[in-house]
Amino acid sequence: MASTAVISTDDALEPTLQSILDQKTLRWIFVGGKGGVGKTTTSCSLAIQLAKVRRSVLLISTDPAHNLSDAFSQKFGKEARLVNGFDNLSAMEIDPNGSIQDLLAGQGGEEATDMGGGMGGMMQDLAFAIPGIDEAMSFAEVLKQVKSLSYETIIFDTAPTGHTLRFLQFPSVLEKALAKISQLSSQYGPLLNGFLGSNGALPNGQNLNEMMEKLEGLRATISEVNTQFKDENLTTFVCVCIAEFLSLYETERMIQELATYGIDTHCIVVNQLLFPKQGSQCDQCNARRKMQKKYLDQIEELYDEFNVVRMPLLVDEVRGKERLEKFSDMLVNPYVPPE
């Protein structure tokens, strides 16, 4: 990578994300913030550092824009695949336009059932009548990938703030939806079985009892994940922002909502900081640095118990494995400015 913005020796950055690497119990790490603040760069960089100290790491994009492919200069899809140059770091991009069929197939594997018609179609309509269930489909994709528990740590590169906060409610939404479907099945199952005959087969050849067993199994998995998200030993949320008013406002809103969900957050990454040379004649640089310093001071005051990582504005775009690796080093090692 080429040069970075010049940083005075007094402003050398500290390796304040080291605590995440050291916390071996962490299984789920969310990275989120306002659009355009460098979430993908931060999540990719954190994943690279974690891959050095974990057996296996999975990086998941839940942002419809899907920037992981651009960041690593490698195409990713909805199936996890190794990142080029790594043997223990995989990545995937979840399609947010999932379907209820995908959710119900999550427990079935090769035996996934067809929910196309008859009772299945009715259950599909019931499921979509529950608020938030359509967005929750992407979470079902996650479950299918991590059900095997083969990844030691999973990092989510999330969508802009509002979507992220909804995503964190998905386990609860899905749990309630499947509980409702199960309840309806219990109420009307005997009546339906009377119409279906002794074998209990639906018009599409599916057995009603088998389908409900799969739904219950999926609900148990979702409940387990939901509990893990609220365990600070297993889950944390890294807030990413820039030193501007709107970004700081979004960060505060997000931290407040995370607290209501019972989800731990104690790290903030402040990106795109400008550090002009002493005596610089660049009016724009000096004015922007003055503004950024004001918001940095506010962040330090508001979040004095947080690990606040300050990252410099870079001259070059951070794309590709080599540049990401160099950027990631600044998350955990003191940055030494050039002479």
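Quick caveat: nothing in here was measured; it's all calculated off a predicted structure.

Student: So what's going on with the UniProt feature "binding site: Zn(2+)" (unreviewed entry) in the protein chain? Which residues, and what values?
Tutor: Taking the UniProt record as the reference, the feature "binding site: Zn(2+)" (unreviewed entry) is found at Cys282 and Cys285. Looking at the secondary structure, you find Cys282 in the loop between β7 (267-273) and α11 (283-302). Here Cys282 falls in the partly exposed class, since its relative accessible area comes to 25%. Looking at the secondary structure, you find Cys285 in helix α11. On the basis of relative accessibility, which here comes to 23%, the residue Cys285 falls in the partly exposed class. With residues near it in sequence (within four places) discarded, Cys285 still touches Leu274 and Pro276.

Student: An account of the packing of aromatic side chains is requested, with residue identities and associated values reported.
Tutor: Within a pair of aromatic rings, the relevant descriptors are the distance that separates the centres and the angle that separates the planes. Enumeration according to the criterion identifies eight aromatic pairs in this entry. Centre to centre, the rings of Trp28 and Phe229 are 5.3 Å apart; their planes meet at 80 degrees, and the pair counts as edge-to-face. Placement of Trp28 in strand β1 (residues 28-32) and of Phe229 in helix α9 (residues 208-229) is noted, with a sequence separation of 201 residues between them. Taking the relative accessible area as the measure of exposure, Trp28 reaches 2% and is therefore buried. Aromatic side chains Phe30 and Phe229 sit 5.1 Å apart centroid to centroid with 85 degrees between the ring planes, which places their arrangement in the edge-to-face category. Here the residue Phe30 occupies a position in strand β1, and Phe229 occupies one in helix α9, the gap between them amounting to 199 residues. Each of the two residues, Phe30 as well as Phe229, counts as buried. For the cation-ring pair, Arg27 lies above Trp28, with the distance from its terminal atom to the ring centre recorded as 5.0 Å.

Student: How would you sum up the sheet that holds β7? Please name residues and give values.
Tutor: Across a sheet, paired strands are connected by hydrogen bonds in the backbone, their directions being either parallel or antiparallel. Ordered by their spatial adjacency, eight strands build an open sheet running β3-β4-β2-β5-β1-β6-β7-β8, and the pairing between neighbours is mixed. Sheet topology places β3 (81-82) and β8 (307-312) at the edges, where each strand pairs with a single neighbour. Sheet topology note: the β1/strand β5 (residues 153-157) ladder contains four bridges and is parallel. Bridging from a neighbouring strand, Ile29 pairs with Ile155 of β5. Packing of helix α10 (residues 245-261) onto the sheet brings it into contact with β1, β6 (235-242) and β7, and relative to β6 it is tilted by some 165 degrees. The sheet contacts of α11 involve β6, β7 and β8, and relative to β7 the element is tilted by about 175 degrees.

Procedures and definitions
Residues numbered from 1 in each chain as written. Predicted model: local features only at pLDDT ≥ 70, side-chain atom pairs only at ≥ 80, totals over all residues. Heavy atoms only, no water. UniProt positions renumbered as here; feature names shortened; annotations may be inferred. Helix = DSSP H or I, 4+ residues; strand = E, 2+ residues; numbered from the N terminus. Buried < 20%, exposed > 50% of the residue type's maximum accessible area, 1.4 Å probe, protein only. Contact = heavy atoms within 4.5 Å. Phe/Tyr/Trp six-rings, centres within 6.5 Å; stacked < 30°, edge-to-face > 60°. Lys NZ or Arg CZ within 6 Å of the ring centre and 35° of its normal. Pairing = 2+ DSSP bridges. Axes fitted to C-alpha atoms, helices over the stretch in contact; angles between N-to-C directions.

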